[in-house]
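Close look at the chain arrangement
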Amino acid sequence: MTPLSIGLLSGIVLVVYARAIGLTREAGFFPTILGAIASFYIVFAIEAGASGAVLALHIGLFLGFIALATAGYRIWYWITCLGLVLHAGVDLLVHYRPDDPSPDWWGLYCLSLDLVLAGSMIWFRPNTYGAPQDR
């Protein structure tokens with residue numbers, strides 16, 4: 001199996017599991033997943049002994065995705081969905097950079113996982129009308 005198909009399958013299993021136990025109805029589920037996924041590039045950069053510039057880039061990207069996850073949780077659900085789609089784009093861009101610290105398979109795996117998660121956010125979308133809840 002290819003990294004792309006394994007990522008798709010992993011995403012489907014994760015979403016089915018989360019839906020079965022009620023996690024997809026929790027406001028913090030998808031923002032937390034976005035933050036966790038974004039942190040992996042920092043781990044890969046540290047593990048690969050990447051230069052300070054590469055590490056700084058990935059820390060900056062992580063902080064950007066944390067900001068999107070926070071805005072998605074606090075302000076508007078769809079910002080998190082946008083964050084997942086943007087992260088899929090970053091996976092594709094980083095995958096083809098010569099200084100990419102991640103394993104060769106990671107970019108396509110994570111891209112497909114991100115897209116399954118974003119698609120499930122669209123599929124399971126909450127009622128977005130009415131007053132937002134205090135969080």
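All of the points below concern the structure found in this document. (Residues numbered from 1 in each chain as written. Predicted model: local features only at pLDDT ≥ 70, side-chain atom pairs only at ≥ 80, totals over all residues. Heavy atoms only, no water.)

1. Remarks on a nonpolar patch on the surface
We apply this condition: Residues form patches when they are more than 30% accessible in relative terms and have no salt bridge. Like charges link within 9 Å. Nonpolar side chains (Val, Leu, Ile, Met, Phe, Trp, Tyr) link within 5 Å. Calculation of accessible area relied on Shrake-Rupley with a 1.4 Å probe; when residues are assessed, cover is drawn exclusively from the protein chains displayed. Salt bridge, as used here, is a side-chain nitrogen of Lys or Arg placed within 4 Å of a carboxyl oxygen of Asp or Glu. Put simply, DSSP marks the helices as runs of H or I at least four residues long and the strands as runs of E at least two long, and each gets a number from the N terminus on.
Judged by side-chain polarity, Met1, Ile6, Leu9 and Val13 come together as a nonpolar surface patch covering roughly 410 Å² of accessible area. One can find leucine 9 in helix α1 (residues 3-21).

2. Here we look at empty space enclosed by the protein
The cut-off we apply is this: Buried and open spaces are told apart on a 1 Å grid over the protein atoms alone, a cavity being a set of points where a 1.4 Å probe fits but cannot get out and a pocket being an open set with protein on both sides within 12 Å along at least five of seven lines. Residues with an atom within 4 Å of a point are the lining residues. Grid points are joined across faces, edges and corners, and a volume is the space filled by probe spheres set on the points.
Within this structure, the stated rule accounts for one cavity of 30 Å³ or more. In this structure, the largest cavity spans a volume of roughly 40 Å³. Taken together, Ala38, Tyr41, His58, Leu61, Phe62, Phe65, His87 and Val90 make up the lining of the largest cavity. Counting only elements with at least two residues in the lining of the largest cavity, the list comes to α2 (29-48), α3 (52-74) and α4 (77-95). A total of four residues in the lining of the largest cavity trace back to one element, the largest contributor, which is α3.

3. Description of the packing of α3 against α4
Basically, it comes down to this: Lines fitted to the C-alpha atoms define the axes, with helices restricted to the stretch that makes contact. Angles between their N-to-C directions range from 0 to 180 degrees. For classification purposes, an angle smaller than 35 degrees is called roughly parallel, one larger than 145 roughly antiparallel, one from 65 to 115 roughly perpendicular, and anything else oblique. Helix crossings are classified by the rotation of the near helix relative to the far one: an anticlockwise turn of less than a right angle makes the crossing left-handed, while a clockwise turn makes it right-handed. What makes two residues a contact is simply this: any of their non-hydrogen atoms within 4.5 Å.
It is the contact of α3 with α4, at a shortest axis distance of 6 Å, that shows an interaxial angle of 160°. The pairing of α3 with α4 is recorded here as roughly antiparallel in orientation. Pair α3 / α4 crosses with left-handed handedness. Counting all contacts with α3, which are made through His58, Leu61, Phe65, Leu68, Ala69, Ala71, Gly72 and Tyr73, the residues of α4 involved are Tyr77, Ile79, Thr80, Gly83, Leu86, His87, Val90 and Val94.

4. What to know about the side chain of serine 102
The criterion, for reference: Each residue is placed in one exposure class: buried if its accessible area under a 1.4 Å probe, protein chains only, is under 20% of its type's maximum, exposed if it is over 50%, and partly exposed if it falls in between. Counted as a polar contact is a pair of N or O atoms within 3.5 Å, where, for protein atoms, one must be capable of donating a hydrogen and the other of accepting one, and residues adjacent in sequence contribute only when both atoms are in side chains.
Structurally, serine 102 can be placed in the loop between α4 and α5 (106-123). When its relative accessible area of 7% is taken as the criterion, serine 102 is described as buried. For serine 102, the side chain forms a polar contact with the side chain of aspartate 100, separated by 2.7 Å. Those residues in contact with serine 102 that sit more than four places away from it in its chain are Tyr41 and Phe44.

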